[in-house]
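Spelled out from the first residue to the last, the chains are:
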Amino acid sequence: MQKWTYIFIFLFSGSFVYAQDRETFRDSLGQEYFLLEGDTVPRKAIDLEEVYIFDRLKFSSREERVRYYILKRKTLKVYPYAKLASERLTELNRRLEKIESKSRRRWYTRRIQKYIENEFTDELKKLTRTEGQILVKLIHRQTGSTAFYLVKELRSGWRAFWYNNTAKMFKISLKEEYHPESVHEDYLIEDILQRAFAANRIERQPSVLDFDYATLSNKWKKSPDLKK
């Protein structure tokens, strides 16, 4: 479905022997260059970022196209919440590592809990069921933990149980994980994110999960039956 082109340029110098003579010189800043087929090339290797080239989106039907763009709108809407949740969790863990007192750690954790609740509650209430479920998946993508586990760790097992059963009333599971390697909708979500990252529509935040987008793309492209 997608093709990624990885561009890596390796410029060799020093002990590498060329079949032809090579002339070297330095510029006014001391940077050493060598002549290669009439061109000047720095001896120091140049590191370039990966360049992603995406195929045009292809859909088998109008309904499939509509479903994709609905999923895109919902994914881009909730991604910032998942990203912020990951940042808050990272900051919480970083600060807790510096606090030795158990009572002080509990006090600081409760303070962060209230801050997060006050910051997000009103906005999260506006999410639809499908947006809420996508958010749960993206939280797992960004943190490596399910929303259920995070609530359990930050509050209590009973609180997590209650949250999960309340969510079930709206057909949302806080235990939902993100598996783009085996769930086609999750792969489509990842595709949406990668395209948005490349277009600078949203700020890139790498997933903590162990998967490679290029490998996923090849897998789903070669195995259309998996989509069913």
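Whatever comes next refers back to the structure up there.
In this convention, every chain numbers its residues from 1, walking through the sequence in written order. Only residues with pLDDT of at least 70 are given local features in this predicted model, and only at 80 or more are side-chain atom pairs given and counted; all residues enter the totals for whole chains, interfaces and linings. Note: side-chain values were computed over all heavy atoms of the structure, leaving out hydrogens and water.

A. Spotlight on the side chain of Thr75. Working definition: helices are DSSP H or I runs of at least four residues, strands are E runs of at least two. Numbering for both runs from the N terminus. Relative to the helices and strands, Thr75 is located in helix H1 (residues 62–96). Note on Thr75: relative accessible area 0%, which makes it buried. A polar atom in the side chain of Thr75 sits 2.8 Å from the backbone oxygen of Leu71. Here, residues are in contact when the closest pair of their heavy atoms is within 4.5 Å. If near-sequence neighbours (up to four positions away) are discounted, Thr75 is found in contact with Ile134, Leu138, Ile189, Ile192 and Leu193. Here's how the labels work: a residue is buried when its accessible area is under 20% of the maximum for its type, exposed when over 50%, partly exposed in between, all with a 1.4 Å probe on protein chains only. Counted as a polar contact is a pair of N or O atoms within 3.5 Å, where, for protein atoms, one must be capable of donating a hydrogen and the other of accepting one, and residues adjacent in sequence contribute only when both atoms are in side chains.

B. Fine view of a positive patch on the surface. Residues enter a patch when their relative accessible area is above 30% and they make no salt bridge; the linking distance is 9 Å between like charges and 5 Å between nonpolar side chains (Val, Leu, Ile, Met, Phe, Trp, Tyr). For every accessible area listed, the method is Shrake-Rupley and the probe measures 1.4 Å; residues are considered covered only by the protein chains on display. Criterion for a salt bridge: a side-chain nitrogen of Lys or Arg within 4 Å of a carboxyl oxygen of Asp or Glu. In this tally, Lys and Arg are treated as positive and Asp and Glu as negative; His is ignored, and so are the chain termini. A single reference atom marks each charge: NZ on Lys, CZ on Arg, CG on Asp, CD on Glu. Where like charges cluster on the molecular surface, the positive patch consists of Arg56, Lys58, Arg65, Lys221 and Lys222. Considering the arrangement of structural elements, one finds Arg65 in helix H1. Its relative accessible area of 41% is what places Arg65 among the partly exposed residues.

C. Unusual backbone geometry, seen in detail. The backbone of Asn200 shows a phi angle near 60°, a positive value even though the residue is not glycine. When you line up the elements, Asn200 lands in the loop between helix H6 (184–198) and helix H7 (213–222). What makes Asn200 exposed here is its relative accessible area of 68%.

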